Each structure stands twice: as C-alpha cells, then as structure tokens.
Number of protein chains: 2
Amino acid sequence: MTELSQLETPCLVLERGRLAANAARLRRRLAELGVPLRLHVKTAKSLEVIDFVLGGAKAPITVSTLKEAEQFFDAGYRDILYAVGFAKHKLPRARALAARGANLTLLVDSVEVAGDIGGFPVLIEIDTDGHRAGVKPEDETQLVAIARALEVAGSIAAGVMTHAGGSYDCGSVEEIAAMAERERVGAVAAAQALRRAGFAAPTVSVGSTPTATYARNLAGVTEVRAGVFVFFDLVMAGIDVCRQEDIALSVLATVIGHRADRGWILVDAGWMAMSRDRGTAKQRIDQGYGVVCDLDGHALDDLILTDANQEHGIVARRTGGTPPELPVGARLRILPNHACATGAQHEAYYTVHGSREVVAVWKRFSGW
Amino acid sequence: MTELSQLETPCLVLERGRLAANAARLRRRLAELGVPLRLHVKTAKSLEVIDFVLGGAKAPITVSTLKEAEQFFDAGYRDILYAVGFAKHKLPRARALAARGANLTLLVDSVEVAGDIGGFPVLIEIDTDGHRAGVKPEDETQLVAIARALEVAGSIAAGVMTHAGGSYDCGSVEEIAAMAERERVGAVAAAQALRRAGFAAPTVSVGSTPTATYARNLAGVTEVRAGVFVFFDLVMAGIDVCRQEDIALSVLATVIGHRADRGWILVDAGWMAMSRDRGTAKQRIDQGYGVVCDLDGHALDDLILTDANQEHGIVARRTGGTPPELPVGARLRILPNHACATGAQHEAYYTVHGSREVVAVWKRFSGW
C-alpha cells in the first residue's frame, strides 16, 4: 500500500474521517431544522467525493458551471441547480442536458434574461446581503415582472434563491446567525410576493456554509445549499464555522531547503499548489498561505507558509524565531485558506483514513 | 471559422501578434548583450506556445516541475534546467528522464542535498536578492563545499544560477537595472570562486523577466532565463517592463447581469478564471482582478474587475460612477495581474492574430 511519505509532492491529501464527520454534522443540523440539503459540488468537483458525502444517493445538487452539471449528470445525478446567473449563449449546452433527461434549474435576476429562456424551471436570484447579484426582496414589481417574463417565454417561475456570501465576512457566530435569518426572511418574503401574484413559486433555496451551520430557524425554506463544509478550511475556522482540526483537506509538501539566517524552511508547495487565495489576510489571524502540520495532520509549532512563489513555499514561525528542525526530505501537510481555490490547483485527492496509508485516489476535474 | 464571440466563456485568449512581438523584443535585447536565452516554460506550459516562441528550435529551456521536463522532453527538447531546489525523493523521475536522453541540469544550495545527487550536471543556487533560497555569493567556503560534495557524489559542479525575483517589487526601471547588475555581479563572483577552487563551473545562469529586459551588461553571464515576457501581464506593466498594450493574454468573459444601483456589471469570469492573484494590489495602480477590455483588446473606460467570487466577476469603474452600457451577453476581455497564475486556471489558449477569429487552439497542461 502507498503511504503519504511515498507520494510525489506537492499533492492534495483528503482525510476521509473528517470528511465523513463534517458531512454528518451538517446533515444532522439540517435534519433538526427539517430542511433538505442541496449539496454544492463546486468545492470538490469530484464524483467520488460527492458520492461518498451523499452515501451514493443521487440527491439534488448545486453546480457553478455547466461542466459540473454535465459531469454529474453523466454519473447519474438528475436534479441539478445551476446557481450562477444565466445568459443566453449558454442555452445550447443547457438544452442538450435537459434533452438527455436532466432536471436542470436555471437562475436569473432580470426581465431581460428571463425573456431569453424557455422550457426550464427557473429561480429568481434574491439579494439578501448586497454582496453580488439579485433582486431586492422588497422589490415586488421587479420580482413579478421577472416571473411573468419567464412564463411568457415558456419557462416555470419555480421560486427564489439567495446566497448570503457576505456571511464569510462575519465576525462572530451571532453575526452569522443574524445573516442566516436575514437570508431566510428575504427569500421567504420574495417567494410570498410571487405567490400573492399568482405564481406557485414552490422553491425557496438559501445557503452558504456559515449560514447553513448557524441558522436557527428555516421556516419557509425548502432547501439549503452548502459546499465548502465537506472539506472546511482556514477561512471557515477563522469565523468559528469549524475547528482547525475539522479541516479535511491539506497539501502534502516536502522540505527542499533552509535559510537558517532568516528562520525559513523551503518547501516544494508554492502558490501553484496552494492557490493565491489569501482569505485569512483580513481575518483576526492571518494564516499566510496556510498552516503547517506534520504528516498526521497535527499543527506544528506555530509554523505557517509565510510566503509563496510558483513552486516554492516559505515556512516560518508566525512570530519569527528559529523553526523546529525539519531536514530536507521531511514531509509536511499544509492546511489551505480556501478549500475551493486550493482544490482547483490539483487533479486528484490522495485519500487517507486515520493513518498515513493512501486508501483511494479520487479524481477531480476543472474547466468550464 | 470560430470567432471570439462564439466561444464558451470564460476562456483564455492569446494574441499571437503580441506574443511574437514580445518574444522578438527580448531576443533582440539579449542578442545585443550577446547572451542566449534559456526560455522558462512555466508561464505557458504549452508545447505549441513554446514552439511558436522558439520558432520550432528545440532550444535550451527552464522548467519549474518535473512534469514540465517530461512533457517537453517528449516533444523533443533535450537541454532542460530544473530551476527549483532539488530533493532526493525526486531522483527516480529525474534519473528516468536522464536515462531516456535528457540533458537535465539540477539545482542545489546545500552540501546535504549535493551529497544525495549523483550523475547529473548541477548548478549551485546563489541568493543575490534575499527573496528565497540560495548561497550568498561571498560565502566562498559554502560554495566550494557544495561543489566538492557534488563531485564526490558523482555529479558535475556545472556552475551557478540566480533568480532576482525581488525585481518584481522594484519601483523604477533604474531599480530594475541595478537589480540586474546585482544579479550579474553576484552570480559571476560565485562562479569565479568555484573556478579559483579548481572547478570548471562553466555556467552562469541569471534572470527574471524584469532584469532580462533592463540589464545593461551581462559580462560573464552565459545564459538568461525569463518566462512571463512571452505573455506579459499587469504586474509587469505596473513596473514598466511592458506596456499594457503588449499583454498577449486575456480572459474572455460574458456579461451576465447588472446592479445599476451600485454601478456593477456582473461577468462570468470570477477568480476561478482569473486566479486569486492580486499582484497589482501593492503597486502604484491596483488593477483589482484585472483590466477590462473590449473584444478587440482595447481597454474600456477605466473598467476593472473590482471583485471576484468563484464564477462571478464584478466589473466597475475604477473611480466609481456609472459604467458604460454593456448588455447581458456582451463579450469582454480581461487582462490578468499575473499571467502564470491566470494561465494555470485553464486548459487551452484560444489563439487570435489581429482579429477576432480563432486561428488555433493550443493546449496547456498542469499538475506536477
């Protein structure tokens, strides 16, 4: 059997025990609140990971690209929400997928685009936190106009969707819970406006990993979307959505040199392996390009990846000073700032389960 | 023939005329200084791009990963410098490549690693700017000890290599020229120390795109490495190594929505298409996630990608205010902060040449 110490580096290590625990925790939480999960597959982009998380059930999923929709449809998934504002030039691929039997739901936030789409169930994007796209929940005129345009064009105004991406910037669990409630209230209000105007609008879709984790009430919500919770990362740990010990994803690296005069250890994981994501830079604790752990995944003496070039990472103590002795050839695991971004730099997950032995290699895809 | 307006978005557009001009400019510059180029292929990671830049010659190249070495060896390249500090666990792949006929040169900066490597030409890494790895040029004892360890282990102490990566942070052309001179002086001094100690050390390899562009004297240098100059990017334009009009690489995106109340145009190129690189954030002009151009590559009304989510980009005027009218479906081209990082998010270059017509699709690879 291959062990982590024998792999080529850098590569992506996935701890299956943590993955299972993270998935179970969110599932339990949503079961308590009585709302089903629509798993977002954009973080993992891997059939094996998603099959594992869903226990093989071909449950409803969320995608961020048509390529994700196509890959998961080919693997047997049928109920797919494409949760990025649609535009007409993507119609041929969306139609091809629907013609093959996908129940593909699209997303719009304007009358203009609504009028371009025929033949799909479509959600109207609601802006509940001002961070991106969407119609304001109180803009009933606009909501109804979009729903009308959808039905005139031959689509179904299937309901509303909102994503409180602003929750990533929350400073406390209380703030996240408040954001979750804002997300719920806005989405439910928008759906009710549509229903008052005579549209069935059955779907009320909300979510982000932080709000899914700390929502206290999901009354009126019909599904919750979340993705990064399967892996978690330092950004999520930084806002108390998980503990650092819950992070299932890390980058395996090898020590390639030292700069004793500067207290640096050089490793072969640079930004190409970690991504350029510096999501913790604006948090209370800046983790550089990642937290350095030993081969068993335990954080090592306050070491972080303080800087990164394309194929070089610089490991140093957060507070300066002499780092522990790690000879050339020593293996380390580095926890990422942002699992979605770090994952995207790799083509496979080397999966372990409570030991250093690689129990499976799970592929991931990229592109659009 | 396919036109840019017909492509799926986001995707990578490469302007071949600019690519050719950028390559010709650096080649002319180095010819004046009488030193050959050892092209770094880590920016493009594409056989077609490198073949185009080198006019089909299987000239010496630099790589940042063994995968690049293997891919280019398979395509006929023989003289390959692996310019990242080596470590023993990579020996089997390096030996396999050498056994197939590659003239693979490795890099070390410690006695410890030097003693692990037998049978290769090896350069000693010199630190001329303090930004990463390497031996100080004046540390003659260490230099000679490494060269001895190499020859004892059965390798050839082939010379020295330095990379003034610090040149990316220079504030002016004068500073870059000074950095180039520091790079040259340090590398030549280190090589001379080795020669005084009886080693042939024929190779003196220096380079980075900024220093290659503005070096005034390369006496004693035997080769110059540079990579990003083939594409250029906003970071290079920000330190006057190129003009914005020289940037050959851009990301094609489609408008998917508007937020008139905020002056935002939403596009389908987020950080997955642009990368998380924010290299211009510390420069005089912060370009956000990129400069927005029209379909012909001309900058549009001071628009930049002010923010990015995974598959959403937010386009706005740099100084705020109402953006120009760009309807849903409109196509834009976005110039990247850092060509190496943006390129790595994609699997192909859609190549154009002075018009909107795609004249070739060139593949690129990723991974290690």
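Nothing here was measured: the structure is a model prediction, and the numbers come from that model.

Definitions and limits used
- Sequence order as written defines the numbering, with residues in each chain counted from 1.
- Chains carry letters and ligands carry numbers; both start at the beginning, A for chains and 1 for ligands, and go up in the order they are written.
- Only residues with pLDDT of at least 70 get local features here, since the model is predicted, and only at 80 or more are side-chain atom pairs given and counted; chain-wide, interface and lining totals rely on the full set of residues.
- The numbering of helices and of strands both runs from the N terminus, where a helix is a DSSP run of H or I of at least 4 residues and a strand a run of E of at least 2.
- As a reference, a globule follows 2.2 Å times the number of residues to the power 0.38, and the radius of gyration itself is taken over C-alpha atoms.
- Neighbour counting defines burial: a residue surrounded by 20 or more other C-beta atoms within 10 Å of its own C-beta is buried, one with 12 or fewer is exposed, and intermediate counts give partly exposed, using backbone-placed C-beta atoms.
- Residue pairs are scored as contacts if the distance between their C-beta atoms, which are placed from the backbone, is within 7 Å.
- The domain boundaries here were taken from an automatic or database domain assignment.
- Each residue receives one of three labels: charged for Asp, Glu, Lys and Arg, nonpolar for Ala, Val, Leu, Ile, Met, Phe, Trp, Tyr, Cys and Pro, and polar for the others, Gly being one of them.
- What sets the superposition is a least-squares fit of C-alpha atoms, and only residues with pLDDT of at least 70 in both copies go into it.
- Axis lines are fitted to C-alpha atoms, over the contacting stretch for helices. Their N-to-C directions set the angle, which ranges from 0 to 180 degrees.
- Angle categories are assigned with fixed cut-offs, so that under 35 degrees is roughly parallel, over 145 is roughly antiparallel, 65 to 115 is roughly perpendicular, and the rest are oblique.
- We call a crossing left-handed when the near helix sits turned anticlockwise from the far one by less than a right angle, and right-handed when that turn is clockwise.
- Paired strands are those between which DSSP finds at least two bridges.

## A closer look at the overall build of chain A
Right, on to step 1. If you tally the helices and strands in chain A, you get 11 helices and 17 strands.
Right, on to step 2. Computed over its C-alpha atoms, the radius of gyration of chain A comes to 22 Å, within 12% of the 21 Å expected for a compact globule of 368 residues.
Right, on to step 3. Projected onto its principal axes, the C-alpha positions of chain A cover 70 × 40 × 35 Å.
Right, on to step 4. Burial analysis of chain A (368 residues in total) assigns 57% to the buried set.
Right, on to step 5. Sequence-distant contacts in chain A: of pairs separated by 6 or more residues, those separated by 24 or more amount to 64%.

## Topic: the domain arrangement of chain A
Residue and element names in this part refer to chain A.
Right, on to step 1. Each domain of chain A was delimited in the assignment, giving domain 1 (4–12 + 248–363) and domain 2 (35–229).
Right, on to step 2. If you list the elements that add at least two residues to the side of domain 1 that touches domain 2, you get helix H11 (339–343) and strand S17 (358–363).
Right, on to step 3. When residues in the side of domain 1 that touches domain 2 are grouped by element, the largest group, 3 residues, is from H11.
Right, on to step 4. The residue inventory of the side of domain 1 that touches domain 2, partitioned by class, reads 4 nonpolar, 1 polar and 1 charged.

## A word on the environment of A:Ile285
Residues and elements named next belong to chain A.
Right, on to step 1. In this fold, Ile285 is placed in the loop between helix H10 (271–274) and strand S12 (291–293).
Right, on to step 2. In this structure, the C-alpha to C-alpha distance between Ile285 and Val235, residues 50 residues apart in sequence, is 9.6 Å.
Right, on to step 3. Once residues within four sequence positions are removed from consideration, Ile285 is found in contact with Gly238 and Thr280.

## Focus on the interface of chain A and chain B
Right, on to step 1. Taken together, the contacts link 40 residues of chain A with 40 residues of chain B.
Right, on to step 2. At the level of secondary structure, the elements contributing two or more residues to the side of chain A that touches chain B comprise helix H5 (111–114), strand S10 (249–259), H10 and H11 of chain A.
Right, on to step 3. Counting residues per element, the side of chain A that touches chain B draws most heavily on S10(A), which supplies 4 residues.

## Concerning the relation of the copies chain A and chain B
The second copy of the chain is related to the first by a rotation about an axis and a shift along the axis.
Right, on to step 1. Between chain A and chain B, the superposition needs a rotation of 180 degrees and an axial shift of 0.0 Å, giving an RMSD of 0.0 Å. What we have between these two chains is a two-fold relation. Scanning chain A for the C-alpha nearest the rotation axis identifies A:Arg276, at a separation of 2.4 Å.
Right, on to step 2. By residue overlap, the copies meet face to face through one surface: 100% of the interface positions of chain A are interface positions in chain B.

## Observations regarding the packing of helix H6 (residues 140–152) of chain A against helix H7 (residues 173–196) of chain A
All names here are of chain A.
Right, on to step 1. Between H6 and H7, whose axes approach to 9 Å, the crossing angle comes to 60 degrees. Here H6 lies oblique to H7, going by the angle between them. Viewed along their axes, H6 and H7 form a crossing whose handedness is right-handed. Note on element contacts: H7 touches H6 through Ala190, Ala193 and Leu194, opposite Glu140, Leu143, Val144 and Ala147.
Right, on to step 2. Looking at the contact of H6 with H7 residue by residue, the classes come out as 6 nonpolar, no polar and 1 charged.

## Structural notes on the sheet that holds strand S3 (residues 61–63) of chain A
Residue and element names in this part refer to chain A.
Right, on to step 1. One closed barrel holds the 8 strands; their spatial order is S2-S3-S4-S5-S6-S7-S8-S9, and the pairing between them is parallel. Ignoring strand direction, the axes of neighbouring strands in this sheet form an average angle of 30 degrees.
Right, on to step 2. Examined bridge by bridge, strand S6 (residues 121–126) and strand S7 (residues 156–162) share 6 bridges and lie parallel to one another. When the sheet's bridge partners are listed, Ile124 is paired in S7 with Val160.
Right, on to step 3. Sitting on the sheet, H7 touches S6, S7 and strand S8 (203–206), and the angle it makes with S7 is about 160 degrees.

## Looking at the environment of B:Val84
All names here are of chain B.
Right, on to step 1. Positionally, Val84 belongs in the loop between strand S4 (79–82) and helix H4 (91–99).
Right, on to step 2. Given 26 C-beta atoms within a 10 Å radius, Val84 is considered buried.
Right, on to step 3. Residues Val84 and Arg356 lie 272 residues apart in sequence; the distance between their C-alpha atoms is 38 Å.

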